[in-house]
Amino acid sequence: MSEVLSATNLKFLAQGMWTTLYLSFFIIVLSTLFGTILAVMRNGKNPILRWIASIYIEFVRNVPNLLFIIFLVFQLKSTAAGITSFTVFTSAALAEIIRGGLNSIDPGQTEAGLSQGFNNRQIFIYIIFPQAIRKMLPSIISQFVTVVKDTSFLYSVIALQELFG
């Protein structure tokens, strides 16, 4: 038992935990930002932006082994390749979660905002988005947990030492 809790093992585990949290933090922040932008683009009225977002989301969600492609084709360092590939994939997944949450809000809420003199931006920020967040939160948290868990793929694919490696 004492060998398991040796200073060397604890240091190794601490380094792995730090790498996992470091990677997960950047992936989650960037994916949330890009996912929100993609969801708004896909729900928007501009057909070109809607088309671009749709193609991005459908392509990225249906391409297996995106990590291999980014790591091997673009020749990035392991950490940069990991953050980039997981951000690209998680952004598409979050975009669909956010889009679903936004679509779940009754159109009457927009009409109510318009009747009170709000513009479209105010309606989105003050009425639609807060209600949608409550509906999206369980799925978003689940996606964040998946990001933390899936950082173990980085070790197996590109030999990055982290907690689950």
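Owing to the predicted nature of the structure, the values given are computational and were not obtained by experimental measurement. (Residues numbered from 1 in each chain as written. Predicted model: local features only at pLDDT ≥ 70, side-chain atom pairs only at ≥ 80, totals over all residues. Heavy atoms only, no water.)

## Topic: the overall build of the protein chain
A tally of regular secondary structure across the protein chain gives seven helices and zero strands. Each helix (α) and strand (β) of the protein chain, taken in turn from the N terminus, gives the series α-α-α-α-α-α-α. Buried residues in the protein chain amount to 33% of all 165 residues. Surface summary for the protein chain: the accessible area is close to 10,200 Å², and the carbon and sulfur share equals 67%. (Helix = DSSP H or I, 4+ residues; strand = E, 2+ residues; numbered from the N terminus. Buried < 20%, exposed > 50% of the residue type's maximum accessible area, 1.4 Å probe, protein only. Areas by Shrake-Rupley, 256 points an atom, 1.4 Å probe, with all protein chains shown as cover.)

## Focus on the packing of aromatic side chains
Counting across every chain of the model gives four aromatic pairs. Their ring planes at 75 degrees and their centres at 5.0 Å tell us that Tyr 22 and Phe 26 sit as a pair that is edge-to-face. Within this pair, Tyr 22 and its partner Phe 26 are both found in helix α1 (residues 7-43), separated by four residues, close to a single helical turn. You can call Tyr 22 partly exposed: its relative accessible area is 35%. (Phe/Tyr/Trp six-rings, centres within 6.5 Å; stacked < 30°, edge-to-face > 60°.)

## Regarding the nonpolar core
Soluble globular proteins tend to bury their nonpolar side chains together. Judged by nonpolar contacts, the single largest core of 19 residues is most densely connected at Ile 128 and Met 136. Those elements that provide at least two residues to this core are α1, α2 (47-61), α4 (78-103) and α6 (120-150). (Core = buried A, V, L, I, M, F, W, Y, C linked by side-chain atoms within 4.5 Å.)

## A closer look at the packing of α1 against α4
Direction vectors running N to C along α1 and α4 enclose 40 degrees, while the axes themselves pass 6 Å from each other. Classified by the angle between their axes, α1 and α4 sit oblique to one another. As α1 runs across α4, the sense of the crossing is right-handed. Looking at the contact of α1 with α4 residue by residue, the classes come out as 14 nonpolar, 11 polar and three charged. (Axes fitted to C-alpha atoms, helices over the stretch in contact; angles between N-to-C directions. Parallel < 35°, antiparallel > 145°, perpendicular 65-115°, else oblique. Left-handed = near helix turned anticlockwise from the far one by under 90°. Nonpolar A, V, L, I, M, F, W, Y, C, P; charged D, E, K, R; others polar.)

## Here's the deal with the confidence of the model for the protein chain
With 86% of its residues at a pLDDT of 70 or more, the protein chain has an overall mean of 86. Across the protein chain, the element-wise mean pLDDT spans from 66 in helix α3 (residues 66-74) up to 94 in helix α5 (residues 107-115). The low-confidence segment residues 160-165, where pLDDT is below 50, has 25 contacts with residues more than four positions distant or belonging to other chains. (pLDDT = per-residue confidence, 0-100. Contact = heavy atoms within 4.5 Å.)

## With respect to the layout of surface pockets
To locate leftover empty space, one rolls a probe as large as a water molecule over the atoms. The calculated volume of the largest pocket comes to roughly 510 Å³. Every residue lining the largest pocket is counted, 13 residues in all, and those nearest its centre are Asn 43, Gly 44, Lys 45, Asn 120 and Phe 124. Elements supplying a minimum of two residues to the lining of the largest pocket: α1, α4 and α6. By residue number, the principal contributor to the lining of the largest pocket is α6, which donates six residues. Of the residues assigned to the lining of the largest pocket, the class counts are six nonpolar, five polar and two charged. (1 Å grid on protein atoms, 1.4 Å probe; cavity = no way out; pocket = protein on both sides within 12 Å on 5 of 7 lines; lining within 4 Å. Points joined across faces, edges and corners; volume = space filled by probe spheres on them.)

## A look at the environment of Gly 101
With respect to the element layout, Gly 101 can be found in helix α4. Here the alpha-carbon distance between Gly 101 and Ser 139, two residues 38 residues apart in the chain, equals 9.6 Å.

## Some thoughts on the pattern of salt bridges
Enumeration according to the criterion identifies three salt bridges in this entry. Measuring nitrogen to oxygen at the nearest pair gives 3.0 Å for the salt bridge that ties Glu 96 to Arg 99. Linking Glu 96 with Arg 99, this pair stays in helix α4, spanning three residues, or about one helical turn. A cluster of three or more residues bridged by salt bridges with shared partners is formed by Arg 42, Glu 58, Glu 96 and Arg 99. (Salt bridge = Lys/Arg side-chain N within 4 Å of Asp/Glu carboxyl O.)

## Observations concerning a nonpolar patch on the surface
Judged by side-chain polarity, Trp 18, Tyr 22, Phe 25, Phe 26, Val 29, Leu 30, Leu 33, Phe 34 and Ile 37 come together as a nonpolar surface patch covering roughly 870 Å² of accessible area. On the secondary structure map, Phe 25 appears in helix α1. Judged by relative accessible area, which is 52%, Phe 25 ranks as exposed. (Patch = residues over 30% accessible without salt bridge, like charges linked within 9 Å, V, L, I, M, F, W, Y side chains within 5 Å.)

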